[in-house]
Structures are given as structure tokens and as C-alpha cells.
Amino acid sequence: TLLASSSLYDNQAFRIGKNIMGLQFHPELNHDVSEMWMVMGMNELAEHGLPVPEYRKLSQQNVPILEKQMALFLDEWSQEVLG
């Protein structure tokens with residue numbers, strides 16, 4: 001069952017049966033991971049016109065929202081799988 005798609009990827013998230021799920025994104029994203037990606041990808045960010053300060057600002061605004069959504073997602077999925 002297709003759960004999510006985007007303009008870049010038809011299968012962003014899918015499910016097989018009750019307890020198998022495939023994700024084409026990073027649900028583990030948190031502040032530390034975002035900072036690590038920023039440090040590792042400074043040159044790539046610059047190539048795409050996203051300076052580190054701007055990336056950090058966007059991260060500070062959006063990561064807390066993503067963390068809350070991920071917690072809700074995992075809670076709902078685990079309740080469904082475990083009953």
C-alpha cells in the first residue's frame with residue numbers, strides 16, 4: 001500500500017501487510033543529525049545556494065516539528081502493529 005509519494009519519488013513510503021514498512025526518507029532526523037549533515041555537506045549546500053547560517057536557521061525552525069511528527073508516526077504505527 002502506497003503511503004506517501006513526492007514529485008521526485010513515487011514510493012516515499014509504503015506498507016506490506018500490517019507490520020512491514022518501507023521509507024525513502026530519514027525519520028531519524030533530529031538536531032544532531034541535521035548538524036552532522038550540515039558539517040559534512042557544507043560544500044554541497046554552498047553549491048546549491050544555501051549558506052550554512054540559512055540552513056541552520058531552517059533546521060532550527062523545522063526539526064522540532066519533524067521530531068514531533070515522527071514521534072506521533074512511530075507511536076501510531078507501533079500501536080497498530082503491537083495491538
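Analysis parameters
- Residues numbered from 1 in each chain as written.
- Predicted model: local features only at pLDDT ≥ 70, side-chain atom pairs only at ≥ 80, totals over all residues.
- Heavy atoms only, no water.
- Pairing = 2+ DSSP bridges.
- Helix = DSSP H or I, 4+ residues; strand = E, 2+ residues; numbered from the N terminus.
- Axes fitted to C-alpha atoms, helices over the stretch in contact; angles between N-to-C directions.
- Parallel < 35°, antiparallel > 145°, perpendicular 65-115°, else oblique.
- Left-handed = near helix turned anticlockwise from the far one by under 90°.
- Contact = heavy atoms within 4.5 Å.
- Nonpolar A, V, L, I, M, F, W, Y, C, P; charged D, E, K, R; others polar.

Caption draft 1: Highlighting the sheet that holds strand β2 (residues 13-16). Read across the sheet, three strands follow the order β1-β2-β3 without closing on themselves; strand pairing throughout is antiparallel. The sheet terminates laterally at β1 (2-4) and β3 (20-23), the two strands that pair on one side only. In this sheet, adjacent strand axes meet at a mean angle of 25 degrees when their direction is disregarded. Direction of pairing for β2 relative to β3: antiparallel, over a ladder of four bridges. Residue pairing in the sheet places F14 in a bridge with G22 of β3.

Caption draft 2: Quick peek at the packing of helix α1 (residues 31-40) against helix α3 (residues 52-82). For the pair α1 and α3, the least separation of the axes is 9 Å and the interaxial angle reads 155 degrees. Our classification of the angle between α1 and α3 gives roughly antiparallel. Once α1 is placed against α3, the crossing between them reads as right-handed. Contacts between α1 and α3 involve H31, S34, E35, W37 and M38 from the former and V52, Y55, R56, S59, V63 and E67 from the latter. A per-class count over the contact of α1 with α3 returns five nonpolar, three polar and three charged.

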